[in-house]
Amino acid sequence: VNCIELNKELMDLQELRSVQKDLELNLHAKQCRAKLLNGKALDYTKKQIDFIKKQLIALDKEIEQIISNNKTMNDKQKILISYPGIGKKIANGLIAELPELGSLNKKEIASLVGVAPKTNESGKKANKAHISGGRFFIRKALYMAALVAAYYNDKMKHKYKEFIEKGKAAKIALTAIMRKIIVCLNAMIKNNKFYVI
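Scope of this entry: the structure provided in the associated data block. Predicted model, so just to flag it, every value in this text is computed and none were measured. (Residues numbered from 1 in each chain as written. Predicted model: local features only at pLDDT ≥ 70, side-chain atom pairs only at ≥ 80, totals over all residues. Heavy atoms only, no water.)

### Observations regarding the pattern of salt bridges
Then step 1. Within this structure, the stated rule accounts for 9 salt bridges.
Then step 2. A salt bridge links K21 to E97; the shortest N-O distance between them is 3.1 Å. On the criterion of sequence distance, the pair formed by K21 in helix 1 (residues 3–34) and E97 in helix 4 (residues 88–97) is long-range, its members being 76 residues apart.
Then step 3. The exposure class assigned to K21 is buried, which follows from its relative accessible area of 16%.
Then step 4. E97 gets classed as buried once you look at its relative accessible area, which sits at 15%.
Then step 5. For D60, the salt bridge goes to K89, with nearest N and O atoms at 3.9 Å. Note that D60 is positioned in helix 2 (residues 39–68) and K89 in helix 4, a separation of 29 residues in sequence.
Then step 6. Taking relative accessible area as the criterion, D60 reaches 35% and is therefore assigned partly exposed.
Then step 7. One salt-bridge network, held together by shared partners, links R17, K21, E24, D60, K89 and E97. (Salt bridge = Lys/Arg side-chain N within 4 Å of Asp/Glu carboxyl O. Helix = DSSP H or I, 4+ residues; strand = E, 2+ residues; numbered from the N terminus. Buried < 20%, exposed > 50% of the residue type's maximum accessible area, 1.4 Å probe, protein only.)

### Describing the packing of aromatic side chains
Then step 1. Per the counting criterion, the structure on display carries 2 aromatic pairs.
Then step 2. Relative to Y195, the ring of Y83 lies with its centre 4.7 Å away and its plane at 65°, an arrangement referred to as edge-to-face. Of the two residues, Y83 sits in the loop between helix 3 (71–80) and helix 4 while Y195 sits in the segment after helix 8 (170–191), which places them 112 residues apart along the sequence.
Then step 3. Residue class for Y83 comes out buried when judged on its relative accessible area of 1%.
Then step 4. Measuring from centroid to centroid gives 5.2 Å for F136 and F137, while their planes differ by 80°, and the two rings are edge-to-face. (Phe/Tyr/Trp six-rings, centres within 6.5 Å; stacked < 30°, edge-to-face > 60°.)

### Comments concerning the packing of helix 6 (residues 136–152) against helix 7 (residues 154–165)
Then step 1. Interhelical geometry of helix 6 versus helix 7 gives an angle of 90° and a closest axis separation of 6 Å. Taken as axis vectors, helix 6 and helix 7 run roughly perpendicular relative to one another. Mapping the contact onto sequence places A149, A150, Y151 and Y152 in helix 6 and D154, M156, K157 and Y160 in helix 7.
Then step 2. Of the residues assigned to the contact of helix 6 with helix 7, the class counts are 6 nonpolar, no polar and 2 charged. (Axes fitted to C-alpha atoms, helices over the stretch in contact; angles between N-to-C directions. Parallel < 35°, antiparallel > 145°, perpendicular 65-115°, else oblique. Contact = heavy atoms within 4.5 Å. Nonpolar A, V, L, I, M, F, W, Y, C, P; charged D, E, K, R; others polar.)

Limitation: the analysis is restricted to geometry and does not speak to function.
What follows is the structure, encoded as structure tokens:
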């Protein structure tokens, strides 16, 4: 696969992923609205919800087709889903929205995603570290992966417990797990290695 073909396929993938995100947001909004409706209005909204769900299923298939037909992307997907808690949906999102994965160092990838803690310092006062910026939808996907990892991945479960025992808030502990996950995934792609338990 030459660079021109890969770029074209990556662009197609990113465009489909963009439509998918819009539909997911639209679906969530309509599902929330449906809770407040009755009668005919509810009937029409339910039909819209069903239509969006069908479109999302079709989009999933289109995205999977692009990745399956591209060896580089397909190899990446296989490596990513070897990590406990990373399914095809999250892996495909990473492939589409984080093409830099595997080409940066751990600090760079954490910063790009928005899970690297930043401290605002003014004068002598240093404020608490926080995360900001980054790629929102990737961070959202990693949050879900971190929740799974904190309970079912023995390594991450242990790390999460350590953070909590040190008095860290659950949200801070999960952010640290997110950072560890993306750093690990980055190394796996860089070294072309599957996850080792």
